[in-house]
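Observations on the three-dimensional arrangement
Chain by chain, the residues run as shown.
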Amino acid sequence: MADESKEIFNRQNLPGMISAQKTANYCYTKGKQLAVVLACQLIILPIVINLSIQFVNNEVISGILIVISLIDFIVGEIIRRQLNKAKLNGAGMQQYFDEFVFNLKNSSKKYLAPKKLSLEERSKLIRKYEDKDNSPYYNWYSDYSTLPYEQAVYNCQKENIRWDISIRKKYRVFLIILASLAVIVITISAILQRMNVLSLIVIIFSIAPLFSYFYSGFQKLHKDIASQQQLYDIISSIEGKLKSKKKILDEIEELQVEIFDYRKKAYLIPNWFYKLFRKNMQTEEDRLAKEISKGNNENS
């Protein structure tokens with residue numbers, strides 16, 4: 001069983017798997033870039049139009065601004081669809097990576113797996129990013145190779161969820177701090193400039209979309225965290241079966257589908273924020289993997 005577990009951590013560093021994980025990352029990056037474009041389009045442009053209407057008293061220009069607003073809405077929907085496609089591609093490549101690395105057979109009869117990327121779609125995406133650097137994608141999962149096979153897979157999946165919850169909690173705090181600072185700056189500015197109530201109301205209404213963006217991001221993050229935490233709590237109950245030496249292959253495959261479904265919908269965390277914590281979080285996960293493996297060997 002230990003030899004079978006070692007194969008998990010050998011397979012994750014095969015050239016094809018490195019390419020799959022790298023491609024997943026760049027698909028998500030494209031989604032994040034589209035999210036920035038969408039945010040600018042749906043926040044900054046409406047603010048500019050809102051301010052322009054207040055200073056322009058011309059029916060022709062006002063009509064043009066209305067047309068621009070309609071075009072902005074339509075283009076926004078197109079970008080949103082491309083963003084969702086990028087997330088689906090990223091999730092699909094990660095699912096392919098996990099299924100191959102964990103050697104899953106999709107034999108569980110309890111769960112109907114959703115549509116995944118075809119071989120042709122995967123190959124096309126991989127070719128698109130084949131010249132990108134491979135180095136960040138080695139040893140994706142911490143080493144659980146001394147554990148029995150099913151326990152090794154289970155702990156890799158658990159690591160996946162644990163990591164995701166942690167980074168989202170950090171980013172949620174960041175958004176709260178950013179929004180709070182914006183409120184403080186506006187308040188102080190209004191006091192120093194002795195703005196009248198009407199001017200202050202105009203400013204607040206003009207930047208309302210920005211706060212709406214913060215609030216929407218906070219809500220999505222909160223939902224993602226709650227969803228992952230619930231899943232984490234549920235799969236923790238599998239540990240009882242592990243201790244009693246029961247087979248958990250069905251549970252592992254069902255859990256993998258849940259992870260795939262979540263990845264397709266999850267809020268995208270900016271790469272720069274992820275990189276701030278990646279090294280420390282990976283060190284912590286590697287330390288935990290050693291403790292779990294050591295504890296299992298002592299109990300064997």
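Residues numbered from 1 in each chain as written. Predicted model: local features only at pLDDT ≥ 70, side-chain atom pairs only at ≥ 80, totals over all residues. Heavy atoms only, no water.

We now examine the environment of Tyr96. Considering the arrangement of structural elements, one finds Tyr96 in helix α3 (residues 59-101). Those residues in contact with Tyr96, other than ones at most four positions away along the chain, are Met17, Ala20 and Arg122. (Helix = DSSP H or I, 4+ residues; strand = E, 2+ residues; numbered from the N terminus. Contact = heavy atoms within 4.5 Å.)

Attention now moves to the pattern of salt bridges. The full count for this structure, using the stated rule, is 10 salt bridges. In this structure, Glu285 and Arg162 form a salt bridge, with 2.8 Å as the shortest nitrogen-oxygen distance. Placement of the pair is Glu285 in helix α10 (residues 271-299) and Arg162 in helix α5 (residues 149-193), with a sequence separation of 123 residues. Note that Glu291 is salt-bridged to Arg287, the shortest N-O span being 2.2 Å. You can see Glu291 and its partner Arg287 sitting in helix α10, four residues apart, about one turn around the helix. A residue is classified by how much of its surface remains accessible, and Glu291, at 45% relative accessible area, is partly exposed. Given a relative accessible area of 36%, Arg287 falls into the partly exposed group. (Salt bridge = Lys/Arg side-chain N within 4 Å of Asp/Glu carboxyl O. Buried < 20%, exposed > 50% of the residue type's maximum accessible area, 1.4 Å probe, protein only.)

Let us now look at the packing of aromatic side chains. Tallied over the full model, the rule gives 12 aromatic pairs. Measuring from centroid to centroid gives 5.3 Å for Tyr26 and Tyr129, while their planes differ by 15°, and the two rings are stacked. Taken together, the positions of Tyr26 in helix α2 (residues 15-55) and Tyr129 in the loop between α4 (119-128) and α5 put the pair 103 residues apart, joining distant regions of the chain. Ring geometry for Phe273 and Phe277: centres 5.1 Å apart, planes at 55°, overall tilted. With Phe273 and Phe277 both in helix α10 and four residues apart, the pair spans about one turn of that helix. Look at Phe277 and you get partly exposed, because its relative accessible area is 24%. (Phe/Tyr/Trp six-rings, centres within 6.5 Å; stacked < 30°, edge-to-face > 60°.)

As a further point, take the nonpolar core. The biggest cluster of nonpolar side chains holds 37 residues, and the ones touching the most others in it are Ile8, Phe102 and Ile161. Those elements giving two or more residues to this core turn out to be α1 (2-11), α2, α3, α5, α7 (208-236) and α9 (249-265). Take this core: its biggest share by element is seven residues, from α5. Residues in contact with Ile8, not counting those within four places in the same chain, are Val101, Phe102, Tyr149, Ala152 and Val153. (Core = buried A, V, L, I, M, F, W, Y, C linked by side-chain atoms within 4.5 Å.)

All right, on to the layout of surface pockets then. Of the pockets and cavities examined, the largest pocket occupies roughly 1,200 Å³. Around the largest pocket sit 41 residues that line it, and Ala35, Ser216, Lys220, Tyr267 and Leu268 are the ones nearest its centre. Every element with two or more residues in the lining of the largest pocket is listed here: α2, α3, α5, α7 and α9. Broken down by element, the lining of the largest pocket gets its largest block of residues, 14 residues, from α7. A class-by-class count of the residues in the lining of the largest pocket yields 25 nonpolar, seven polar and nine charged. Lining the second largest pocket are 32 residues; nearest its centre among them are Tyr28, Gln94, Trp140, Trp163 and Tyr274. Every element with two or more residues in the lining of the second largest pocket is listed here: α2, α5, α9 and α10. Partitioned by chemical class, the residues of the lining of the second largest pocket number 17 nonpolar, eight polar and seven charged. (1 Å grid on protein atoms, 1.4 Å probe; cavity = no way out; pocket = protein on both sides within 12 Å on 5 of 7 lines; lining within 4 Å. Points joined across faces, edges and corners; volume = space filled by probe spheres on them. Nonpolar A, V, L, I, M, F, W, Y, C, P; charged D, E, K, R; others polar.)

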